[in-house]
Amino acid sequence: MTLTRFSALALTATLLGFLVTGCDTGDENPATSSSQRSSGTNQIYGGSLPCDNCDGIDTEVALNFSTDSAGGVYTLTETPQGGPADGQTQKRKGNWKVISGNAVPGGGTVYVLHPARGDEEHEPIYLLMESNTTLQLVDEHFKPLDTSHNDELHRL
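Note that this is a predicted model, so its numbers are computed, not measured. Chains are numbered independently. Their residues run from 1 in the order of the written sequence. Note on the predicted model: pLDDT of at least 70 is required for a residue's local features to be given, and 80 or more for side-chain atom pairs to be given and counted; whole-chain, interface and lining totals, by contrast, use all residues. Side-chain descriptors were evaluated using all non-hydrogen atoms of the structure, hydrogens and water having been removed beforehand.

Explain the sheet that holds strand S3 (residues 71–81) to me, please; I cannot follow it from the model alone.
Pairing between two strands requires that DSSP report at least two bridges joining them. Starting at the N terminus, helices and strands are each numbered in turn, a helix being any DSSP run of H or I of at least four residues and a strand any DSSP run of E of at least two. The strand order around the closed barrel formed by eight strands is S1-S2-S3-S4-S5-S6-S7-S8, and the pairing between neighbours is antiparallel. Mean inter-strand twist for the sheet, computed between neighbouring axes without regard to direction, equals 30°. Pairing analysis gives two bridges linking strand S1 (residues 42–49) to strand S8 (residues 152–155), with the strands arranged antiparallel. When the sheet's bridge partners are listed, Tyr45 is paired in S8 with Arg155. Orientation is described by axes fitted as lines to C-alpha atoms, over the contacting stretch for helices, and by angles from 0 to 180 degrees between their N-to-C directions.

Given below as structure tokens:
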């Protein structure tokens, strides 16, 4: 029983540490509105991700944390640049969870974005936390993608 309590305390301390280091109270870009800034319960990342039939996909993901900090709800906004769907913005929502520790090579942290129920068209998205301000798109084995295109989202 003591080991279980210790494990629970260690997990709680780790998650709290993750939250504290993930919080950004400064606003580096004065043009960013207060609704777009990340906070302790809402983190927003943006950038351009690879695309098979276009120049890239302008992507913004908002991660809303649940009370346990190990997951929550996300909103994903994607706008292809070039190609057949050029400029057609698509928004979708779903749930996300954190995978960390021994499950991730190098002991890193991965956010797994699961599509909403009934969304059979999309696969989960895996984002490896490179730093408190950068997420890298990785495959389901948490390995970097084999692409020459930028595959990072930066915290807004």
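Teacher, can you tell me more about the nonpolar core here?
Soluble globular proteins: nonpolar side chains tend toward being buried together. In this text, buried Ala, Val, Leu, Ile, Met, Phe, Trp, Tyr and Cys residues form a nonpolar core when linked through side-chain atoms within 4.5 Å. Burial classes follow relative accessibility: with a 1.4 Å probe on protein chains only, a residue under 20% of its type's maximum area counts as buried, one over 50% as exposed, and anything between as partly exposed. Ranked by size, the top nonpolar core spans 17 residues in total, and within it Val61, Leu63, Trp96, Tyr111, Leu113 and Leu127 carry the most contacts. Sequence-distant contacts of Leu113, defined by excluding residues within four places in its chain, comprise Val61, Leu63, Tyr74, Asn95, Trp96, Pro124, Ile125 and Leu127. If you look at the next biggest cluster of nonpolar residues, it comprises eight residues, including Val110, Val112, Leu128 and Phe142. We call two residues in contact when some of their heavy atoms are within 4.5 Å.

How should I be thinking about the pattern of salt bridges in this particular structure?
Once their charged atoms are close, side chains differing in charge can pair, the charge on each being opposite to the other. A carboxyl oxygen of Asp or Glu within 4 Å of a side-chain nitrogen of Lys or Arg is what we treat as a salt bridge. Scanning the model with the defined rule gives one salt bridge in all. A salt bridge links Arg92 to Glu78, with the shortest nitrogen-to-oxygen separation between them at 3.2 Å. Of this pair, Arg92 sits in strand S4 (residues 90–100) while Glu78 is found in strand S3, placing the two residues 14 residues apart along the sequence. As far as the burial class goes, Arg92 and Glu78 line up, both buried.

What is the right way to read unusual backbone geometry from this model?
Generally, phi is negative for residues other than glycine and the peptide bonds are trans, each holding for most cases. Located in the positive-phi region is Phe142, a residue other than glycine, with phi close to 70°. Within the element layout of this structure, Phe142 appears in the loop between strand S7 (134–138) and S8.

For this particular structure, what's the right way to read the state of the cysteines?
Here, disulfide denotes a covalent bond that connects the sulfur atoms of two cysteines. Criterion for a disulfide: a pair of cysteine sulfur atoms at a distance within 2.5 Å. For the structure on display, the rule yields one disulfide. Here Cys51 is linked by a disulfide to Cys54, with a sulfur-sulfur distance of 2.2 Å. Taking the torsion about the sulfur-sulfur bond, which here is approximately 130°, the covalent link between Cys51 and Cys54 counts as right-handed.

Before we go on, may I ask you to explain the pairing of S3 in this structure?
Consecutive residues of a regular strand have side chains that alternate between opposite faces of the sheet. Along S3, eight of the eleven residues are buried, which leaves the element largely enclosed by surrounding structure. The pairing of strand S2 (residues 56–65) with S3 spans ten bridges and is antiparallel. Opposite Thr59, over in S3, you have Glu78 as the bridge partner. In this sheet, S4 lies alongside S3 in antiparallel orientation, the contact comprising eight bridges. Directly across from Gly72, in S4, lies its bridge partner Trp96.

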